Every structure is written in C-alpha cells, then in structure tokens.
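# Tertiary structure, described
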Amino acid sequence: MLAPPPDSECILKTADSFMNLSPESLRTLSGLCASAAVLVGITVLISGDRPFTMVPPVMPPAMQNSANAFAPAQLVASQTQTAGWFSDFFGGNNLTVYVWPSATSPVVQGQNTTLTWQALNADYCTYYGAPPGGTYYTPNYTPISVSVGPIDQDVTLLVYCVNTGPWNTGYGSGSASVHIVCPDGYTSSYETIPTDDWGGGEWGPSQILTCTPPAEPSLQLWPDNSNLPYNGSTGVHWRTQNAGNCHVAGPGTDWGGANGDQSTPALAQYTTYTLSCDNGSQSIGINVAPPPGAPNATIGADSTNIYVGQSVGIHADFAAGSGDSMNGSAINQPANISVTNTNPDSHKDYTFTPASPGAYVFTAWVLTPLYAWNSYASIVVNVSEVPSCGNGLDINVYPSCSCPSGQVQNGSFCEPPPSCQNGLDINSYPSCTCPSGQYQNGNSCSAITAPTAIISSDSPTIHVGESTTIHANFQIGQGDSFTGTNIDQPEGHGVGTGGTATQQTYTFAPTAGGDYTFYARAATANYGWQSYANATVHVISVPPVCTGNYCDIIVDPVEPVLPGTPVTVQWTCNPLSYSSSEGGGFSTGGALQGSTFANPIANTTYVLNCVAPGGSRTLASAVVTVLQPNLNISADPPRVQSGNSSTITWSATNVNANSCAVTSNPAGFSRSGLSDSGIASITSQTVFTLRCMVPAGPVSKTTTVTLVPSYEEI
C-alpha cells in the first residue's frame, strides 16, 4: 500500500508525469492525495473503468509549486458546463470563473470569434484551445475579451484562472464550445474521427469539417452560321451549367431558359445576341451580307426586218443580281401583254409571225423578290408588206401572183410605176410616195430604223448625302422623229426634264440607302415608247464623311502641346451603321469605340475610318498641333584674344519650364534659365551648349568662341 505523499509531491507528480501512469495508478494516486490536495489541472471522473477526462493538458505554471489548498471553483459557460476539481482546507473567498464566446455561433470556417470571460478572486487567467493563446491579468468581474482564431474546426476554448493567496490559493476553469460552419454557397462534408480511450472524439472534434466552394458557372452561346446572306436566318443555341436566371436577348426577341435552341428572324444587318445569367454573360455577332445587286435582262431577234407572214425568233436572257433570285421572267409585246410564260427561266424564246406590217417592240422583263419588274431590255422588229408571191413573180407557176399596191409588174418583178421609180421625181410626180416602212431619202426610199437610248451614272456607288449625275443620250432612227425623251425612276416615274432633247441629265441626291434604277426612254412618231436602257446606282446608307450622329474622334488636350506630350485619342462609331473601325496615326484594334494615348512630336492628324458591313468607309479626323522648340545662343564677340571675355546670351521657347542650362567645353561656364546672359573668360577655343527639355527628350544648340592668333617676334 502506497503511503500518502506530501502535498507538493502530489502536485508535482500529477503535473509532470500523469500522462505516463496507468488508469489503476492514477486511481491509487488520486486516493493517496485526496487527503492533502487536489490533482491540479485534472478532472478525475471515476466510474468503473471509464477513462479519465483531463482538463487542461498543461497546468498553469504559477500553480505547479503551490502547496496551498484550492478555493472552490464554479464554471458558467454559454454552451457547456464542467465542474472543476477543487478542495478547500482553509476556507475563504471562492474563486469563480464565467466563460462565453461573444460572437454569434456558429462561426464561418477560417474566421475569428471573440472569447470573453470574467473572474472573481483571480489574479490572472490563461486560455487554451485556439491561437493566439496567452495569459491575462483579470480584475474582479471585469470582462476580458480576446479575438481567437482563425478557427477551422469545432473547438472547446478553455480558460484557467489562478488565485495565488496567500491563504486562499486555488484555480478555476471554464470552457465554451464554438461550432464551425461553411461559408454561404459552399458544400459541407464531415469525416468522423474514431474515439479511443485517450483521445479522438473525447478531446477534439468528433468530425472534421471540409468546405467545398461552389462550382464555377459555364456559359456557351453559338450560331449555326455567323455569316448570313441578306435577309438570311440561322439557328442560335445556348447551354449553361451552374448558372441561374438565364436568357438570350437580341433584336426583336428574348429567349429564356438555362438551355435552348432558337432561330433568328430574317436579318438585314450585323446583329448581336447576348446570353445573360445571374453570374455571367456571353455575346456573339452575326455578320449579314449587304443587299444583292440588281438583275439584268437582254433581248435579241434573228432578224429585225421581215415581211408580213414571215417568222422570226425572239430570244431573251435573264440573270438575278448577286444574292437575289428570280420570281419570274417574260418576253412582252406590245403594251406589256405577255407572249411567253412567266416561269423564272434564265432563257426564253418566242417565235413571231406577223399578220400585218408595222414596228413591233419586244421587251424582256425579269421579276426578283427584292426588285419586282426591275430590268428592261427591248428590241424592234420592223414588218413590211410584200407581194403575195414575192419578188420576182412567177405568174406561170402562181397565176394569182400580183404586185403590191403602188407597184407594177415588169416581167417577173414588181417595181414602182415609171413616174415614181427610184429615185423619186417629186417635182414631176408629186404623188410619188415611199412604201410603208420606208421614208423618202432625197430621190430614193430608205428603210426606217428604230431609235436608240443609252444611260449612265457618273458614280454607280455613292453614300447618303452625296449626289451623282445621270446622263441619257437619245438617237433618232432613220426616217423617224422624236415625240418625247425622258429619264425615268423607278417603274416609269419621270425624274428627267421631258421634252425631245437628244441629251438629258438628272442630278440624283438620295436621302436613304438602297439600289435605284434609272431608265432612258424615247418616244418617236413611228414607234412610241420603244427604246429602253437602264443604269443602277447603289446608295450606301451612311454618309461619306463622319458626323456626330455616325462617328466622332476627339483629342485631349485640344490646345497646342510640346513635342512628346501624351494626348488622349478617343473615338466612337455608331454601332447601328458600322461593324468595325480603322485608325490613321493610331490603332483602334477594330473596336467601335475606345481611347488610347499618343505622343506626337510634330503636327499630326489622327484619322478614324468607320467601316460599314458592306466594306464602305467613312472618315473623321482630329488635328494635334505640336509647338516646336526654339533655341538661340550667341557669343559677343565670337573671337577674342586669350584671357579676354565674351558675353554669352541665350533664350528658349516652347520647352519645359525650368529645364534649360548652358554649359561650356572646356568646363568653367554654367548657367540655367529660359533666357539670360553671362560673361565667360576665354583661354582656348570654347563651345557653349544650350540644352533644354521637352516631353520627347532633350534639345540643344551650340555657339563657339574662337581665339585670335597671336604672333611672337623672332
């Protein structure tokens, strides 16, 4: 049986070596020391073979050599309460400790909390369990607050308070548990710690908390085709992950949902679609080709002069403009009465067999989705009367053959009567006339020919705000005369001056973009409106020179600057009219708006070109005026005898303030200032240099003082 050790031995034994004792030895030691002192710093709960609960792991140093009895201890904690082990031999004031965490529990992982305690009859207190730890002197019932952390796992914060006597020596302890949670949006997971007799869940957290941050959002937006023809459409698709409240916005539409597939309406210009979610956005651009060109039609005939009853082939070719298609094509004659079907064929043929003489006008027309009946071409077929049996007559074979009216049979031929033979003698035979389809040409008859018309534009492509001149030339046919000439646009609406002039002009100044087709038409006494020609002007919807409504470029500062001074170049192109930009003297990177810095060293013009989707460019510019430095330095006199002086005078403008200095070589003369003068003693040829600064760097100018040659007598 062990003998009871002295109080000090119990205290020291317990503090220094209890971790090396078996449970049975600790029970024995507890019984031996119970009559003398408490096992300092250990809470012993003996119930069968239940292991010991040790609080704290290390006893406060001030108590390790104390042989005094302990005052009673009381603990009040905010979340847990544990009675301390105490003994009171001498009575006296109780040592009371209150401990609680000030911060609202739970605490976000990795953050701090505030531990607060107050003690009665304690000289100092020490806390354990989380950094930084430490000892604090504690006045009676004065709360002590300490910032504790950062804390990653659930923890019990322990406070030990000591009363050093002299007669009422003791300690008290208290604890407060802090629960740790993950930040908002993070996923929590726990790993269970196995519990054993001496550690694990008995002393630390029974579970380890792991916080996993939320997954990054993913946004995808793409079109089936990012380059469309004019009025084309394409599919737009989007897919998202870890994103909320998503929708796709574009001209005339707003599609919702985290994922989707839609089709755009018909697009006539560059269009942007944007996928927007709560935590991100993405945009795509779809290029649209400019409107297609106008279609074209041509027409011809196997022969333009035939007789009644004779057949002739009429042929027409049709082509749609670039990017367009044909809805229909036809050969018409006369007065727009169709003589062939209107199926959209690129080539058509018509066989013409006239039953009466005359001039027949055939017109080729083409119909397209964008332009309707918008391309004309025409040809005239002249039909003359002929003898019923032709020239020469074969009355033996064809007894019914006869000469046409106004002619007489001469053997096997028909000819005018003697009084009107070719050439005509209208003086002797005033009744002489030329046959139908011919005209009197001096003393002979010649076939009447159709008139012609041509039309052209000075500029086939212009911008809104510009103008171009349309020129039409009309030539009358042989034996005919004009009853009217005109320039028409569109579809027969007159824009010319009318009349019967052989040349006409029209100044075209459009106010809107598009393709405008002009026609030259001539009316004659024998043929009516029977000659067509056309020319198309393509009008770009943006002006040739930028204005504030379309694009702008500014520089700052606007007043003159010194060489190398930084200036800001800022530009803007209207996104409704342009798809990219180009800079002259600086780079825009293709952006429609932005700003950059430049350091001009001479007068500089910065140019902005706003580029329309069709490739046309419009121009804006801004000028930066750069002041050039002006330096002057002189010596008076510039030539002296050795030992004499020269006055150096200098001045400088358009340089940095207080940046000028004058030095000499050989050294000996040094001055500063924008302008001044000084006297220099000269003993050898000397170079004086005026040196000033501008933002681009140093500038300088020199003057030299030379020596007058000296001579010695020999």
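Heads up: the structure comes first, above all this text.
Structure report, in brief. (Residues numbered from 1 in each chain as written. Predicted model: local features only at pLDDT ≥ 70, side-chain atom pairs only at ≥ 80, totals over all residues. Heavy atoms only, no water.)

### Here's the deal with the overall build of the protein
- Helix and strand counts for the protein stand at two helices and 52 strands.
- Split into buried and exposed, the 714 residues of the protein put 38% on the buried side.
- For the protein, restricting intrachain contacts to residue pairs at least 6 apart in sequence, the fraction spanning at least 24 positions comes to 56%.
- Summed over all atoms, the accessible surface of the protein reaches about 36200 Å², with 49% contributed by carbon and sulfur. (Helix = DSSP H or I, 4+ residues; strand = E, 2+ residues; numbered from the N terminus. Buried < 20%, exposed > 50% of the residue type's maximum accessible area, 1.4 Å probe, protein only. Contact = heavy atoms within 4.5 Å. Areas by Shrake-Rupley, 256 points an atom, 1.4 Å probe, with all protein chains shown as cover.)

### Let's talk about the environment of Tyr-519
- Checked against the element boundaries, Tyr-519 lands in strand β37 (residues 514-524).
- Each C-alpha atom, one on Tyr-519 and one on Ala-535, is 6.6 Å from the other, the two residues being 16 residues apart in sequence.

### A few points about the pattern of salt bridges
- Evaluated as defined, the whole model comprises four salt bridges.
- In this structure, Lys-348 and Asp-345 form a salt bridge, with 3.0 Å as the shortest nitrogen-oxygen distance.
- Under the relative-accessibility criterion, Lys-348 is labelled buried at 4%.
- Taking the relative accessible area as the measure of exposure, Asp-345 reaches 30% and is therefore partly exposed.
- A salt bridge links Arg-617 to Glu-582; the nearest nitrogen and oxygen atoms lie 2.8 Å apart. Here Glu-582 lies in strand β41 (residues 580-584) and Arg-617 lies in strand β44 (residues 617-624), a separation of 35 residues in the sequence. (Salt bridge = Lys/Arg side-chain N within 4 Å of Asp/Glu carboxyl O.)

### With respect to the side chain of Thr-517
- Among the structural elements, Thr-517 can be located in strand β37.
- What makes Thr-517 buried here is its relative accessible area of 7%.
- Polar contacts involving the side chain of Thr-517 include one to the side chain of Thr-536, which spans 3.1 Å. (Polar contact = N/O pair within 3.5 Å; in protein donor to acceptor, adjacent residues only side chain to side chain.)

### Some details on the state of the cysteines
- For the structure on display, the rule yields five disulfides.
- At a sulfur-sulfur separation of 2.0 Å, the disulfide partner of Cys-125 is Cys-161. Here Cys-125 and Cys-161 share a disulfide; its torsion about the S-S bond, 110°, makes the bridge right-handed. One end of the pair, Cys-125, is in strand β5 (residues 124-128); the other, Cys-161, is in strand β8 (residues 155-164), and 36 residues separate them in sequence.
- Taking relative accessible area as the criterion, Cys-125 reaches 0% and is therefore assigned buried.
- Each disulfide pairs two cysteine sulfurs, and for Cys-573 the partner residue is Cys-610, the sulfurs being separated by 2.0 Å. Across the disulfide from Cys-573 to Cys-610, rotation about the S-S bond amounts to roughly -85°, and the bridge is consequently left-handed. Taken together, the residues Cys-573 in strand β40 (residues 567-573) and Cys-610 in strand β43 (residues 604-611) connect sequence positions 37 residues apart.
- On the basis of relative accessibility, which here comes to 2%, the residue Cys-573 falls in the buried class. (Disulfide = S-S within 2.5 Å.)

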